[in-house]
Amino acid sequence: EIHGQAVKFDVSDSVQVKDFFGENKHIDLLVNNSGISEIQLFNYISEEKSRQIMEINLIGTLNCSRAVLFGMIERKSGCIINISSMWGQCGASCEVDYSASKAGIIGFTKALAKETAPSGIRVNCVSPGFIMTEMNSRFSEDDLSLIKEDIPLGIFGEPRHVAYAVSFLASERAEYITGQILGVNGGMVI
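So, a few notes on the structure that sits alongside this text. (Residues numbered from 1 in each chain as written. Predicted model: local features only at pLDDT ≥ 70, side-chain atom pairs only at ≥ 80, totals over all residues. Heavy atoms only, no water.)

Comments concerning the pairing of strand β3 (residues 121-128)
Now for step 1: Judged by how many residues are buried, β3 sits mostly within the fold: eight of eight residues are covered.
Now for step 2: Residue alternation in β3 divides its side chains into two sets, I121, V123, C125 and S127 and R122, N124, V126 and P128, and both sets are buried.
Now for step 3: One ladder, built from six bridges, connects strand β2 (residues 78-83) with β3; its direction is parallel. Within β3, the position partnered with G78 by the bridge is I121.
Now for step 4: Pairing between β3 and strand β4 (residues 181-184): four bridges, direction parallel. Within the sheet, the bridge partner assigned to P128 lies in β4 and is V184. (Buried < 20%, exposed > 50% of the residue type's maximum accessible area, 1.4 Å probe, protein only. Helix = DSSP H or I, 4+ residues; strand = E, 2+ residues; numbered from the N terminus. Pairing = 2+ DSSP bridges.)

The following block contains the structure:
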């Protein structure tokens with residue numbers, strides 16, 4: 001049982017993913033939450049960094065989902081929740097590769113939901129907006145002030161806001177919800 005245990009592995013490496021999930025065949029819930037970004041003009045992102053963003057954000061989501069699906073299909077139950085981004089919905093200047101990887105997660109969520117629904121598996125996506133995490137700690141106070149002006153609710157998201165959305169989608173209260181993208185963005189993307 002994995003409950004309460006932290007394990008580190010590279011989600012972009014299918015061998016490491018298979019090694020981890022191979023020992024834990026009974027997975028009821030998978031939350032694909034790995035992600036990296038790079039703020040840079042598209043023409044200046046290195047090919048290596050571009051590949052790394054795609055491999056961790058998108059391929060990692062596919063790898064982990066594929067690893068748990070056989071057991072879920074066999075049991076005819078399970079829940080997969082993918083974490084995308086509002087930039088996957090509308091795109092972001094200077095985060096083109098990141099936006100593309102997160103848009104891929106949205107398309108993957110919808111397609112996998114259709115494919116696995118007959119097996120009783122729900123697949124949904126949470127699409128956070130600007131959340132005060134370590135990834136966003138690089139912004140200056142002036143940048144943060146400008147960003148906050150673009151948020152209709154006028155506050156920054158906190159990790160708990162995303163956790164509440166994931167908790168809801170993982171619960172029985174969401175038993176009739178699949179293939180959906182739940183925006184947690186304070187109204188930035190409507």
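Some details on the side chain of S65
Now for step 1: The topology assignment puts S65 in helix α2 (residues 47-75).
Now for step 2: For S65, a relative accessible area of 0% gives the class buried.
Now for step 3: Excluding its chain neighbours within four sequence positions, the residues that come into contact with S65 are L30, N32, I80, N82, F108 and L112. (Contact = heavy atoms within 4.5 Å.)

Details of the nonpolar core
Now for step 1: Of all hydrophobic cores here, the largest spans 17 residues; its most connected members are F21, V68, M72 and I80.
Now for step 2: Of all the secondary-structure elements, those providing two or more residues to this core are α1 (14-22), α2, α4 (96-116) and β3.
Now for step 3: Ranked by residues supplied to this core, first place goes to α2 with five residues.
Now for step 4: With sequence-adjacent residues up to four places away left out, V68 is seen in contact with F21, I27, L30 and I80.
Now for step 5: C79, A165, L169 and A174 belong to the second largest nonpolar core, which has eleven residues in total. (Core = buried A, V, L, I, M, F, W, Y, C linked by side-chain atoms within 4.5 Å.)

Some remarks on the packing of α2 against α4
Any two packed helices are characterised by how steeply their axes cross, that is the angle between the axes, and by the distance between the axes.
Now for step 1: Relative to each other, α2 and α4 sit at 15°, their axes nearing to 8 Å. Taken as axis vectors, α2 and α4 run roughly parallel relative to one another. Where α2 crosses over α4, the handedness of that crossing is right-handed. Contact residues: α2 offers S50, I53, M54, N57, L58, T61, L62, S65 and L69, while α4 offers D97, Y98, A100, S101, K102, G104, I105, F108, L112 and T116. (Axes fitted to C-alpha atoms, helices over the stretch in contact; angles between N-to-C directions. Parallel < 35°, antiparallel > 145°, perpendicular 65-115°, else oblique. Left-handed = near helix turned anticlockwise from the far one by under 90°.)

These values are about where atoms sit, not about what they do.
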